[in-house]
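An overview of the molecular structure
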Amino acid sequence: MAERTRFGPAGVPPMFRLMGAKTSDVPKLLREEGLDAFEYQAVRWGPKPQMKQEEAEKLGSAARENDVRMSLHGSYYVNLSGKKEVAEASKKRLIASATAADWMGAYVMVFHTGFYGRFEKDFAFKTCLDALKEVSAEMRSLGLRVKLGPETMGRKFQVGNLDEILTICEQVEGTQLVVDWGHLHAISFGAFKKPEDFRAVAEKVEQRLGTEKLRSMHCHFSKIEFTLQGEKRHHTLDEKRYGPDFRMLAEVIVDFKMHPTMICESPILDVDARKMKETLKQVLESKQSKV
Ligand SMILES: [Zn+2]
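Criteria and cut-off values
- In every chain, residue numbers begin from 1 and rise along the written sequence.
- Per-residue local features of the predicted model are confined to residues with pLDDT of at least 70, and side-chain atom pairs are confined, for both listing and counting, to 80 or more; whole-chain, interface and lining totals are unaffected and use all residues.
- Side-chain figures throughout are based on the complete set of non-hydrogen atoms in the structure, without hydrogens or water.
- Each pair of strands is called paired provided DSSP finds at least two bridges between the two strands.
- Here a strand is any run of E in DSSP of at least two residues, a helix any run of H or I of at least four, and the numbering for each starts at the N terminus.
- Axis lines are fitted through C-alpha atoms, for helices just across the contact stretch, and the angle between N-to-C directions can take any value from 0 to 180 degrees.
- Note on contacts: a residue pair is in contact if any heavy atoms of the two residues lie within 4.5 Å.
- Nonpolar core, defined: a set of buried Ala, Val, Leu, Ile, Met, Phe, Trp, Tyr and Cys residues in which side-chain atoms within 4.5 Å join the residues together.
- Type-normalised accessible area, obtained with a 1.4 Å probe on protein chains alone, sets the label of each residue: buried when under 20%, exposed when over 50%, and partly exposed for intermediate values.
- Two rings belonging to Phe, Tyr or Trp (six-membered ring only in the last case) form a pair when the distance between their centres is within 6.5 Å. Interplanar angles under 30 degrees mark stacking, angles over 60 mark edge-to-face geometry, and anything in between is tilted.
- Any carboxyl oxygen of Asp or Glu within 4 Å of a side-chain nitrogen of Lys or Arg constitutes a salt bridge here.

**Observations concerning the sheet that holds strand E4 (residues 108-111)**
Strands in a sheet are paired, the pairing made by backbone hydrogen bonds, and the direction either parallel or antiparallel. Spatially, E2-E3-E4-E6 is the arrangement adopted by the four strands of the open sheet, whose pairing is parallel. Only two strands of the sheet have a single neighbouring strand rather than two, namely strand E2 (37-41) and strand E6 (147-150). Strand-to-strand, the axes of this sheet are offset by a mean angle of 30°, without reference to chain direction. Both E4 and E6 contribute to a ladder of four bridges, which runs parallel. Note on E6: the bridge partner recorded for Val 110 is Gly 149. Relative to the sheet, helix H4 (residues 84-103) contacts strand E3 (69-73) and E4, its axis offset from that of E4 by approximately 150°.

**Quick notes on the nonpolar core**
One finds Tyr 40, Trp 181 and Phe 246 to be the most contacted residues of the largest nonpolar core, which totals 78 residues. It is helix H5 (residues 121-141) that contributes the most residues to this core, eight residues altogether. What Phe 246 contacts, discounting residues up to four positions off in sequence, is Phe 7, Phe 221, Ile 253, Met 262, Met 276, Thr 279 and Leu 280.

**Quick word on unusual backbone geometry**
Here the bond from Gly 243 into Pro 244 is cis, since omega is -5°, no more than 30 degrees from zero. With respect to the helices, strands and loops of the structure, Pro 244 is situated in the loop between strand E11 (230-235) and helix H10 (246-255). With a phi angle near 55°, Asp 67 is a residue other than glycine that sits in the positive phi range. Its place among the elements puts Asp 67 in the loop between helix H3 (53-65) and E3. Within the chain, Phe 189 stands out as a residue other than glycine whose phi angle is a positive 55°. With respect to the helices and strands, Phe 189 occurs in the loop between helix H7 (181-187) and helix H8 (195-209).

**Observations concerning the sheet that holds strand E8 (residues 178-180)**
With parallel pairing, four strands are arranged side by side in an open sheet as E1-E12-E9-E8. Of all strands in the sheet, those bounded by a partner on one side alone are strand E1 (6-9) and E8. With direction set aside, neighbouring strand axes in the sheet form an average angle of 20°. Where E1 and strand E12 (residues 261-264) come together, four bridges link them in parallel fashion. Following the sheet pairing, Phe 7 is matched in E12 by Met 262.

**Some words on the packing of aromatic side chains**
Considering all chains together, one arrives at nine aromatic pairs under this definition. Where Phe 115 meets Phe 157, the ring centres are 6.1 Å apart and the plane angle is 25°; that geometry is what we call stacked. Residue Phe 115 is located in strand E5 (residues 114-115), and its partner Phe 157 is located in the loop between E6 and strand E7 (158-159); the two are separated by 42 residues in the primary sequence. A residue is classified by how much of its surface remains accessible, and Phe 157, at 38% relative accessible area, is partly exposed. For the pair Phe 119 and Phe 123, a centre-to-centre distance of 5.4 Å together with 50° between the ring planes defines the contact as tilted. Owing to a relative accessible area of 35%, Phe 119 belongs among the partly exposed residues under this scheme. Through a chain of ring-to-ring contacts, three or more aromatic side chains come together here, namely Phe 7, Phe 221 and Phe 246.

**Focus on the pattern of salt bridges**
Between side chains of opposite charge, a pair can form when the charged atoms approach closely. Counted under the stated rule, the structure contains 22 salt bridges. One salt bridge connects Asp 102 with Arg 145, and the closest N-O pair in it is separated by 3.5 Å. Here Asp 102, found in helix H4, pairs with Arg 145, found in the loop between H5 and E6; they are 43 residues apart in sequence, far enough to count as distant. What makes Asp 102 buried here is its relative accessible area of 12%. Each of Arg 4, Arg 6, Asp 36 and Asp 67 takes part in salt bridges that share partners, so that together they form one network.

Written as structure tokens, this is what we have:
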């Protein structure tokens, strides 16, 4: 099967909930909307999966039947750069999220690595990197197949700028690059203004991780509001006063022959995911007509 850019929501769309849909109904409803990815939100989970294995497997088989690519967003309560007890508890949470991700056949478990806290930045990052190597080794010993997906973060006090995430992907086995474009925009105080700004990220990723890792990156996208601390709030694609502009990213996706999984984090999840899909189609057609 040829790889293609996929689109889907971060979590269950509000309309599906109003319809009384069960979690295992979500893939079919997404397919009916023309979407083909779904990121399950396990963001409030503790040290154990907060979902039954049977339920997760049911979601997984519904996703396969409807050709919806699954990912899972792991617990927010993770700080791998924290004190020993905190880091140990964080590792357990990541393993719990990875276990359920495997049950549902998710290809990546997205997570936030942690906070610099009072530590010097390089030290905090090194601590995080070492902890992740242990998590990766434990996942392998447990036979978990899902990839670890460290995400580029949007706030100044969070570990996970683009360079740090690339280093994790270079040094930790079994990782999948996760780029949150809204976060990159927020942390740079709105630096993504032209297609070249997106292109520069693609070039850097390609240079460090290679062409295939670039093309198969996992992405989060929404417009974003920021303060001096970085990320403040996600916004819909139609809100003109906020960036970044998805069309510019779509140009880069076409030019670099990328096939990312695009997870939409806007407040109107599936509606904006469809808009992004439509925009990519338009950009592709306009570039093809120029050839
Ligand atoms: Zn996230």
